[in-house]
Amino acid sequence: MSDIPGSDELTVARFYKILGSKLELVPVDLETGFANLVRSPDISRPGMALTGYIQHFLHERIQIFGETEITYLNSLSDSEREFALGRIFETPIYCSIVTKGLPAPSELIAYSRSSDSALFLSTRDTTPLIHDLTDLLDEVFAPRTSVYGSLVEVFGIGLLVTGKSAIGKSESVLGLLERGHRLIADDRVFISRIRGILVGRGDSRMGHLMEIRGLGLVEVSNFYGIRAVKERQQVQFEVRLEQWSQDNQEFDRTGLVQKVNNILDISIPQTVIPVLPGRNLTLLLEIAVMNHLLVRQGRNIPREIEDNLINRILDKETDQERRTDMTGGRET
Amino acid sequence: MTTKMVEVINQLGIHARPAAKIVRNASMFDSHITLTVDGDTVNAKSIMGVMTLAACRGTMIEVQADGDDEREAVAGIVQLVLDGFGED
């Protein structure tokens, strides 16, 4: 599932191509309704609507006819069944799935055909089918954005390396791959927010291509093999590379300040590393990730050092006050 | 060479955050800048050095700079200390 279409591109045909075999879908008519767009990340169980309560019928969703719906329809007389299905098809339905290997009622087939609505049969049980279906729809309909930078898995952490072009992102990322870390994307990272986490991937049509100035385009998996590449990875930590200059002293000296960057309304910790000739960026990126791992485990070394130092300073002050106390001392 | 004495006035003295402010400020100047407390002299552009002073409130610091921008450098750091580094 590396090539996930956008929500405006997911036709029934595309949906069938991606999930057809996993969901064991068999189209009743090949092509009927295949050009329809899937319009919602959610699914609908039309049971209530079939019994007559159509006020809140969610026709813009994929309709799942499970055992409840089919046994209910089969309990009706032919004319009642015709009426019940006719009523829900008064609103545009674009795709239905009958699960559990149950036969589709002939009226459902007829209405699907006449309203150009796709109809699939599946041998799978309803609930697991819905789970797999919503997994895909969650991804398709997830909010997404793209970020200029590289995404590398370093010690299991999804590290996003950002910074102006030509600052040395790609070179430092190559260094990381050389040391056994894995590339997800270079230059442009596509990020979606799926169930509260940020998932990054590259452009699947581009493979794991990198542009190295002076060398041109290189395909990373040709050099380092399959172990050096990965399709997708949670984005957990960002390092922004910044040009060092005497006027730009706005980077953290102590490690006490944890900057964050907001991507799709999710905050991820961000560290700014100034770039200077002779700095080993690969090493610095590895250290930054290890530091991040320590913080995740509850160890904040700069904080510990700072607390320690403050205690020493205050002790010193108390000592000095004791020594000068006869003169009245200073107010505390 | 420019030299000036200044007293630490903020409650917590020169802990890591004020030390970082001094270093950030000092690094914007070309001059060689030192801080001296009780005969102990450190480079004002080194955070570890400034932190080892562990200067508490009431400490007198000698700020010294040598270079083309030594006056501005000393004035800048003295002002930071006088402002209590923006702390209480």
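Quick caveat, the model's predicted, so the values are computed rather than measured.

**Student:** Looking at this structure, how should I read the nonpolar core?
**Tutor:** Considering soluble globular proteins, one finds that nonpolar side chains tend to be buried as a cluster. Residues and elements named next belong to chain A. With 30 residues, the main nonpolar core has V12, V38, C95, I97, A118 and L133 as its most contacted residues. Listing elements by their share of this core, those giving two or more residues are α1 (12-19), α2 (47-50), β3 (62-65), α4 (78-88), β4 (95-98), α5 (106-114), β5 (118-122) and α6 (126-140). If you tally residues by element for this core, the top one is α6, at six residues. With residues near it in sequence (within four places) discarded, V38 still touches L10, V12, F15, I62 and C95.

**Student:** I would appreciate a short explanation of the sheet that holds strand β3 (residues 40-43) of chain B in the present structure.
**Tutor:** Note: strands within a sheet are paired through backbone hydrogen bonds, in either parallel or antiparallel orientation. Residues and elements named next belong to chain B. Ordered in space as β1-β4-β2-β3, the four strands form an open sheet in which the pairing is antiparallel. The sheet terminates laterally at β1 (2-7) and β3, the two strands that pair on one side only. Ignoring strand direction, the axes of neighbouring strands in this sheet form an average angle of 25 degrees.

**Student:** Would you explain the domain arrangement of chain A in this entry?
**Tutor:** Domain boundaries assigned for chain A yield domain 1 (12-140) and domain 2 (144-301). A separation of 43 Å is found between the C-alpha centroids of domain 1 of chain A and domain 2 of chain A.

**Student:** What is the right way to read the interface of chain B and chain A from this model?
**Tutor:** Often, the extent of an interface is quoted as the loss of accessible area upon association of its parts. Contacts between the two partners involve 16 residues from chain B, matched on the other side by 17 residues from chain A. Take the side of chain B that touches chain A: its biggest share by element is five residues, from helix α1 (residues 16-26) of chain B.

**Student:** So what exactly am I meant to see when it comes to the packing of α4 of chain A against α5 of chain A here?
**Tutor:** Between two packed helices, what matters for the description is the angle formed by their axes and the separation of those axes. All names here are of chain A. Axis separation between α4 and α5 bottoms out at 9 Å; the angle between their running directions is 35 degrees. When the axes of α4 and α5 are compared, the crossing they make is right-handed. Together, R81, E82, L85 and G86 of α4 and E107, L108 and Y111 of α5 make up the contact between the two elements. In the contact of α4 with α5, the residues fall into three nonpolar, one polar and three charged.

**Student:** When you look at the environment of V6 of chain B in this model, what are you seeing that I'm missing?
**Tutor:** Residue and element names in this part refer to chain B. Here V6 is to be found in strand β1. Judged by the 18 C-beta atoms lying within 10 Å of it, V6 falls in the partly exposed class. Each C-alpha atom of the pair V6 and V78 lies 6.2 Å from the other, and the pair is 72 residues apart in sequence. Dropping the residues within four chain positions of it, V6 is found in contact with I61, V63, V78, V81 and L82.

Conventions we followed
Residue numbers restart at each chain and count upward from 1, following the sequence in its written direction. Lettering of chains starts at A and numbering of ligands starts at 1, both following the order in which they are written. At least 70 in pLDDT is required for a residue's local features to be given in this predicted model, at least 80 for side-chain atom pairs to be given and counted, and no such filter applies to totals for whole chains, interfaces and linings, which use all residues. Each nonpolar core consists of buried Ala, Val, Leu, Ile, Met, Phe, Trp, Tyr and Cys residues. Their C-beta atoms, within 7 Å, join them into a set. Whether a residue is buried, exposed or partly exposed follows from its count of other C-beta atoms within 10 Å of its own C-beta, namely 20 or more, 12 or fewer, or something in between, respectively; the C-beta atoms are built from the backbone. Each helix is a run of DSSP H or I of at least 4 residues and each strand a run of E of at least 2, with the numbering of both proceeding from the N terminus. We call two residues in contact if the C-beta atoms placed from their backbones are at most 7 Å apart. The rule for pairing is simple: two strands pair if DSSP sees at least two bridges between them. Helix axes use the C-alpha atoms of the stretch in contact, all axes being lines fitted to C-alpha atoms, and the angles between their N-to-C directions lie in the range 0 to 180 degrees. The split of the chain into domains comes from an automatic or database domain assignment. In this scheme the crossing of two helices becomes right-handed for a clockwise turn of the near helix relative to the far one and left-handed for an anticlockwise turn of less than a right angle. Each residue is assigned to one of three groups, with Ala, Val, Leu, Ile, Met, Phe, Trp, Tyr, Cys and Pro labelled nonpolar, Asp, Glu, Lys and Arg labelled charged, and all others, Gly among them, labelled polar.

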